[in-house]
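As a plain string of letters, each chain reads:
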Amino acid sequence: MRYVSTRGAAPVLGFSDVLLAGLADDGGLYLPERWPELPPLEELRGLSYPEVAARVMWPFVDGDDAPGALDRDSFERLVHEAYATFDTPDVCPVVPLGSAGGPGGVEGDGPELHLLELFRGPTLAFKDVALQLVGRLFDHVLSARGDRVCVLGATSGDTGSAAMHACADRACVDIVILFPDGRTSDVQRRQMTTLDAANAHAVAVPGTFDDCQDLVKAAFADVAFRDEVRLSAVNSINWARVMAQVVYYLTSSLSVAPDGGPVSFVVPTGNFGNILAGWVAKQMGLPVDRLVVASNRNDILTRFFSTGTMAITEVVPTTSPSMDIQVSSNLERLLFEVLGCDGAALADLMAAFRADGTVSVPVEVLQQLQAEFDCGRLDDESAAAVIRTVQQHTGLLVDPHTAVGIGVAEALADGGPLSDPSVPVVCLATAHPAKFPDAVEAAVGVRPALPAHLGDLFERPERVEHCDADLDAVESLVRRALPTY
Ligand SMILES: *Cc1c(COP(=O)(O)O)cnc(C)c1O
């Protein structure tokens with residue numbers, strides 16, 4: 001498989017180079033130059049999650065002639081190791097939610113709703129599904145190349161802890177994550193600070209998430225420093241993350257539509273990274289009916305899919321903070337495809353967006369997008385009401401991100417695009433309720449318990465470094481954090 005940049009002006013690369021590069025040289029995002037076909041679904045039935053994952057992903061990895069390219073046996077081994085860190089052998093299990101359209105929303109005569117639990121990994125959010133694998137792939141390729149990198153990132157909570165757990169104890173990776181001191185939840189902070197790995201560093205910085213992000217950008221912009229410590233990132237634009245997410249669209253389809261019929265998916269999204277993987281699964285031949293973008297009040301995506309205009313507005317804080325974003329970077333991959341894989345046209349579009357903070361696509365492009373995607377948004381009060389009704393009708397606690405998706409599913413099942421009772425609907429559960437205990441407790445009066453593997457999180461010793469919000473301080477901290485050879 002070869003990969004091309006969405007902006008059309010970067011070298012064509014194989015998988016291992018795309019993995020390490022993240023962003024393409026021309027500022028674009030890498031995409032495979034064609035979509036491989038899924039193996040026949042009947043061949044996948046009965047296989048374990050890692051077995052399905054290795055089979056579905058291998059065509060994206062294969063045909064790489066760069067140094068350190070992965071062979072199939074190593075790839076399979078890394079896939080198995082990555083998913084052995086999950087607390088269930090199903091890895092991403094599906095649980096029934098009842099049917100849409102009844103009183104309280106979950107006992108009516110609409111389609112069956114299902115919850116796809118993506119939070120059974122080490123840090124309780126869906127990012128573990130991709131990052132547990134990506135950390136291992138990184139390490140393998142670097143070690144085969146005799147290379148080593150320092151991953152530097154900023155986090156408001158979720159991504160940083162998932163990345164730290166993915167890179168912990170990898171031989172060829174160090175990881176330094178800056179977080180805003182006092183502004184993450186206790187669970188999020190402890191997931192970073194209680195990690196017992198010498199190569200993983202959680203750094204508290206006075207200020208906001210944006211201050212942390214600015215420091216990281218400044219460190220990457222300091223070319224001498226970047227080269228000296230071999231800075232790298234594992235952010236959401238990395239193709240390998242999208243690839244790893246394709247798998248659960250397939251495994252959940254096998255589980256809710258064993259006859260191979262179509263399924264719809266509702267995805268609480270911010271960066272468009274998760275739902276893009278659903279679209280990729282469809283391009284690979286998975287029978288997908290509707291793909292639904294679910295937003296909180298930060299609804300740039302919902303506005304885009306309803307009007308064809310993408311316009312930046314101020315970010316407002318919500319109870320689903322991992323979707324509080326302004327720009328959905330992964331949307332670029334979808335736009336490239338619907339613009340006929342014209343890198344120059346896409347580069348123009350993105351330049352206009354950067355310059356004006358707003359851009360519109362032609363009406364035919366909007367129609368093409370609307371042929372596959374629907375969208376909806378939910379405010380915090382309605383999300384809290386969803387947490388309550390789901391608990392009343394099923395006994396399950398859901399987190400506020402997941403609740404946004406379920407609420408949007410309910411709304412679209414009521415005479416809308418999800419109302420066909422013969423098409424099951426899978427709602428992606430992107431976080432464990434215990435990751436956002438305050439919002440869940442405010443909604444239902446019950447504080448969700450941490451799962452057994454994290455039961456002692458509040459007793460574990462914390463290890464945290466402190467650093468001024470200043471580039472020199474960050475750079476010297478990174479230098480000190482690195483092992484001496
Ligand atoms: C990151 C995250 C999201 C948003 O995912 P995208 O890929 O950015 O769309 C949703 N929910 C949770 C809990 C997350 O951590």
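Residues numbered from 1 in each chain as written. Predicted model: local features only at pLDDT ≥ 70, side-chain atom pairs only at ≥ 80, totals over all residues. Heavy atoms only, no water.

Draft legend 1. View of the overall build of the chain. The helix and strand tally for the chain stands at 19 helices and 15 strands. Over its C-alpha trace the chain gives a radius of gyration of 21 Å, about what one expects of a compact globule, namely 23 Å for 485 residues. Seen through its C-alpha atoms, the chain measures out along the principal axes to roughly 65 × 50 × 50 Å. Expressed as a percentage of its 485 residues, the buried residues of the chain come to 58%. In the chain, 75% of the contacts between residues at least 6 apart in sequence involve partners at least 24 apart. Carbon and sulfur atoms make up 50% of the accessible area of the chain, which amounts to about 18,100 Å² in all. Mean positive and mean negative side-chain charge positions of the chain (34 and 66 charges, respectively) differ by 3 Å. (Helix = DSSP H or I, 4+ residues; strand = E, 2+ residues; numbered from the N terminus. Rg over C-alpha atoms; globule rule 2.2 N^0.38 Å. Buried < 20%, exposed > 50% of the residue type's maximum accessible area, 1.4 Å probe, protein only. Contact = heavy atoms within 4.5 Å. Areas by Shrake-Rupley, 256 points an atom, 1.4 Å probe, with all protein chains shown as cover. Lys, Arg positive; Asp, Glu negative; His and termini not counted. Charge placed at Lys NZ, Arg CZ, Asp CG, Glu CD.)

Draft legend 2. Geometry of the side chain of Asp139. Take Asp139: it is sitting in helix α5 (residues 127-144). Among buried charged residues, Asp139 stands out as having no salt bridge; its nearest opposite-charge side chain is Arg170, 4.9 Å away. (Salt bridge = Lys/Arg side-chain N within 4 Å of Asp/Glu carboxyl O.)

Draft legend 3. Here's a closer look at the site of the ligand. As a structural note, the neighbourhood of the ligand is formed by 15 residues, with Lys127, Asp158, Thr269, Asn271 and Thr430 the closest of them. Asp158 places a side-chain nitrogen or oxygen 2.8 Å from an oxygen atom of the ligand. One nitrogen or oxygen atom from the main chain of Asn274 is found 3.1 Å from an oxygen atom belonging to the ligand. Contact with the protein chains hides 96% of the accessible area of the ligand, taken as 380 Å² for the molecule alone. (Near = heavy atom within 4 Å. Polar contact = N/O pair within 3.5 Å; in protein donor to acceptor, adjacent residues only side chain to side chain.)

Draft legend 4. Representation of the state of the cysteines in the model. Evaluated as defined, the whole model comprises 0 disulfides. As a non-bridged cysteine, Cys172 has Cys167 as the owner of its nearest cysteine sulfur, 11 Å distant. Cys427 forms no disulfide, and the closest cysteine sulfur to it belongs to Cys92, at a distance of 15 Å. (Disulfide = S-S within 2.5 Å.)

Draft legend 5. Focus on unusual backbone geometry. Positive phi values are uncommon outside glycine, yet Val91 reaches one of about 65°. You can see Val91 is positioned in the loop between α4 (72-83) and β3 (94-99). Val91 sits in the buried class, given a relative accessible area of 1%. The residue Phe272 is not glycine, and still its phi comes out positive at about 70°. Within the fold, Phe272 resides in the loop between β9 (263-268) and α11 (273-283).

Draft legend 6. How the structure looks around the pattern of salt bridges. This model, assessed by the stated rule, comprises 24 salt bridges. In this structure, Asp147 and Arg230 form a salt bridge, with 2.8 Å as the shortest nitrogen-oxygen distance. Residue Asp147 is located in the loop between α5 and β5 (149-154), and its partner Arg230 is located in the loop between α9 (223-229) and β8 (231-232); the two are separated by 83 residues in the primary sequence. For Arg230, a relative accessible area of 40% translates into the label partly exposed. The salt bridge partner of Asp299 is Arg303, with a shortest N-O separation of 2.9 Å. Note on Arg303: relative accessible area 24%, which makes it partly exposed. Taken together, the shared-partner salt bridges in this structure form one network comprising Asp186, Arg189, Arg190 and Glu462.

Draft legend 7. View of the layout of surface pockets. By volume, the second largest pocket amounts to about 250 Å³. Around the second largest pocket, the lining is made up of 15 residues, and of these Leu47, Tyr49, Asp90, Thr251 and Ser255 lie nearest the centre. When contributions to the lining of the second largest pocket are tallied by element, the ones reaching two or more residues are α3 (49-61) and α10 (239-256). It is α10 that contributes the most residues to the lining of the second largest pocket, 3 residues altogether. Counted by class, the lining of the second largest pocket contains 9 nonpolar, 4 polar and 2 charged residues. (1 Å grid on protein atoms, 1.4 Å probe; cavity = no way out; pocket = protein on both sides within 12 Å on 5 of 7 lines; lining within 4 Å. Points joined across faces, edges and corners; volume = space filled by probe spheres on them. Nonpolar A, V, L, I, M, F, W, Y, C, P; charged D, E, K, R; others polar.)

Draft legend 8. Structural context of the sheet that holds strand β14 (residues 425-429). Spatial strand order, β3-β4-β14-β9-β10-β13: 6 strands in an open sheet with mixed pairing. Across the chains shown, the open sheet's two edge strands, defined by having one partner strand only, are β3 and β13 (373-377). Averaged over all pairs of adjacent strands, the angle between their axes in this sheet comes to 25°, without regard to strand direction. Relative to strand β10 (residues 288-295), β9 is paired through 5 bridges, and the arrangement is parallel. (Pairing = 2+ DSSP bridges. Axes fitted to C-alpha atoms, helices over the stretch in contact; angles between N-to-C directions.)

Draft legend 9. Highlighting α10. Between its terminal C-alpha atoms α10 stretches 27 Å, which fits the 26 Å expected from 18 residues at 1.5 Å a residue. Here α10 lies mainly inside the structure; 17 of its 18 residues are buried. With a side-chain oxygen positioned 3.0 Å from the backbone nitrogen of Ala240, the residue opening α10 is Asn238. (Expected span 1.5 Å × (residues − 1).)

Draft legend 10. Inspection of the packing of aromatic side chains at higher detail. Applying the stated criterion across every chain, the model contains 14 aromatic pairs. An angle of 65° between the planes, with centres 4.9 Å apart, marks the rings of Tyr249 and Phe265 as edge-to-face. On the criterion of sequence distance, the pair formed by Tyr249 in helix α10 and Phe265 in strand β9 is long-range, its members being 16 residues apart. Classification of Phe265 as buried rests on a relative accessible area of 0%. Of the aromatic side chains, those joined through ring pairs into one cluster are Tyr3, Phe15, Trp35, Phe60, Trp239 and Trp279. (Phe/Tyr/Trp six-rings, centres within 6.5 Å; stacked < 30°, edge-to-face > 60°.)

Draft legend 11. Layout of the sheet that holds strand β7 (residues 200-205). Taken together, 5 strands build an open sheet; the order of strands is β8-β5-β6-β7-β15 and the sheet is parallel. The open sheet has two free edges, formed respectively by β8 and β15 (465-466), since each of these has just one partner strand. Helix α7 (residues 186-193) rests against β6 (173-180) and β7 of the sheet, and its axis sits at about 155° to β6.

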